[in-house]
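Residues per chain, in single letters:
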Amino acid sequence: MIHALIAALLFSFHPNHGTHTVHDLSFMVGAWRGEAPGGGVIDEVWMPAEGSNMTGAFRWMSAQGEISVQEIISLDNADGGPVYRLRHFGPNAGLRPWESEDESPLTLPSCEVDGNTVIWRSGDAYDAGVESATYSREGDTLTVTIKMHDGDGFSLNLERVE
């Protein structure tokens, strides 16, 4: 009996794996804006979940007012929770994906959700060197953290604009 109680208490303090859907990520919905490294502006917009999908778009404008990077992000329900799929588009590419994503999008299949934080991990996949993508909201700030397998990474602090 005591072992079952201890196990239940320990389980309650760990992020929930595999039982969440895109509908549990409503904290991400809205328009977000922040300063880009080196100047310029970053915008990220998340549409509300509909059915088994939630879609986002990302735009990085340089300090000179030109597109540096655009992204389309699709979150789709799967057995292990929402799967993160992303395609990058470069400047003047006419929405042609980066060569590394020509055949398939960058995919992070492993998902952990804990309150207003979600972490996607590459798991066994070594997708474009990305180890994880974390979205965490506190008030009107959405922090996006990307970690690479080689130890590099970055964080973006975006403020709600809607």
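Residues numbered from 1 in each chain as written. Predicted model: local features only at pLDDT ≥ 70, side-chain atom pairs only at ≥ 80, totals over all residues. Heavy atoms only, no water.

S.K.: I'm lost on the overall build of the protein in this one. Help?
M.R.: From N to C terminus, the protein includes one helix and twelve strands. Each helix and strand of the protein, ordered N terminal to C terminal, gives the series α-β-β-β-β-β-β-β-β-β-β-β-β. Within the protein, buried positions represent 37% of all 162 residues. Here the analysis covers contacts within the protein between residues at least 6 apart in sequence; of these, 35% occur between residues at least 24 apart. Of the roughly 9300 Å² that the protein leaves accessible, carbon and sulfur atoms contribute 54%. (Helix = DSSP H or I, 4+ residues; strand = E, 2+ residues; numbered from the N terminus. Buried < 20%, exposed > 50% of the residue type's maximum accessible area, 1.4 Å probe, protein only. Contact = heavy atoms within 4.5 Å. Areas by Shrake-Rupley, 256 points an atom, 1.4 Å probe, with all protein chains shown as cover.)

S.K.: I keep staring at the nonpolar core and nothing clicks. Help me out?
M.R.: Soluble globular proteins: nonpolar side chains tend toward being buried together. Ranked by size, the top nonpolar core spans 30 residues in total, and within it Met28, Leu75, Tyr84, Trp120 and Tyr135 carry the most contacts. Setting aside anything within four residues of it in sequence, one finds Met28 in contact with Trp46, Met54, Leu75, Val118, Trp120 and Tyr135. (Core = buried A, V, L, I, M, F, W, Y, C linked by side-chain atoms within 4.5 Å.)

S.K.: Explain the packing of aromatic side chains to me, please; I cannot follow it from the model alone.
M.R.: Note on aromatic pairs: each is described by the distance of the centres and the angle between the planes. According to the stated counting rule, one finds four aromatic pairs in the structure shown. Pairing Tyr84 with Trp120 gives two aromatic rings, centres 5.0 Å apart and planes at 45°, and the pair type is tilted. Remark: Trp120 occurs in strand E9 (residues 117–121) and Tyr84 occurs in strand E6 (residues 83–89); sequence separation between them is 36 residues. In this structure Tyr84 comes out as buried when scored by relative accessible area, which is 3%. Seen from their ring centres, Trp120 and Tyr135 are 5.9 Å apart, and the 85° between their planes marks the pair as edge-to-face. Of this pair, Trp120 sits in strand E9 while Tyr135 is found in strand E10 (residues 130–138), placing the two residues 15 residues apart along the sequence. By relative accessible area, which is 0% here, Trp120 ends up buried. A network of ring pairs unites the aromatic residues Trp46, Tyr84, Trp120 and Tyr135 as a single cluster. (Phe/Tyr/Trp six-rings, centres within 6.5 Å; stacked < 30°, edge-to-face > 60°.)

S.K.: Sorry if this is basic, but what is going on with the pairing of strand E8 (residues 110–114) here?
M.R.: A regular strand places its side chains so that they alternate between the two faces of the sheet. Pairing geometry for E8 and E9, over five bridges, is antiparallel. Across the sheet, residue Ser110 finds its bridge partner in E9, namely Arg121. The hairpin formed by E8 and E9 contains two residues between the paired strands, and Gly115 there has a positive phi angle of roughly 65°. (Pairing = 2+ DSSP bridges.)

S.K.: Got a minute to help me understand the environment of Val83 in this structure?
M.R.: By secondary structure assignment, the location of Val83 is in strand E6. In contact with Val83, not counting residues within four places along its chain, are Ser74, Leu75, Asp76, Ala78, Thr107, Leu108, Pro109 and Trp120.

S.K.: Where do I start with the pattern of salt bridges in this structure?
M.R.: Under the criterion given, the structure shown has five salt bridges. In this structure, Asp43 engages Arg33 in a salt bridge whose closest nitrogen and oxygen atoms are separated by 2.7 Å. In this pair, Asp43 sits in strand E3 (residues 41–46) while Arg33 sits in strand E2 (residues 30–35), placing the two residues ten residues apart along the sequence. In this structure Arg33 comes out as partly exposed when scored by relative accessible area, which is 40%. What emerges from the salt-bridge pattern is a single network uniting Arg33, Asp43 and Arg59. (Salt bridge = Lys/Arg side-chain N within 4 Å of Asp/Glu carboxyl O.)

S.K.: It is not clear to me how the layout of surface pockets should be interpreted in this structure. Could you clarify?
M.R.: Picture a little ball the size of a water molecule; that probe, rolled over the atoms, points out where space is still empty. Space inside the largest pocket adds up to approximately 350 Å³. Lining the largest pocket are 23 residues; nearest its centre among them are Glu71, Leu86, His88, Ile146 and Phe154. Of all the secondary-structure elements, those providing two or more residues to the lining of the largest pocket are strand E4 (53–61), strand E5 (67–76), E6, strand E7 (106–108), E10, strand E11 (141–148) and strand E12 (153–160). The residue makeup of the lining of the largest pocket, split by class, is 18 nonpolar, two polar and three charged. (1 Å grid on protein atoms, 1.4 Å probe; cavity = no way out; pocket = protein on both sides within 12 Å on 5 of 7 lines; lining within 4 Å. Points joined across faces, edges and corners; volume = space filled by probe spheres on them. Nonpolar A, V, L, I, M, F, W, Y, C, P; charged D, E, K, R; others polar.)

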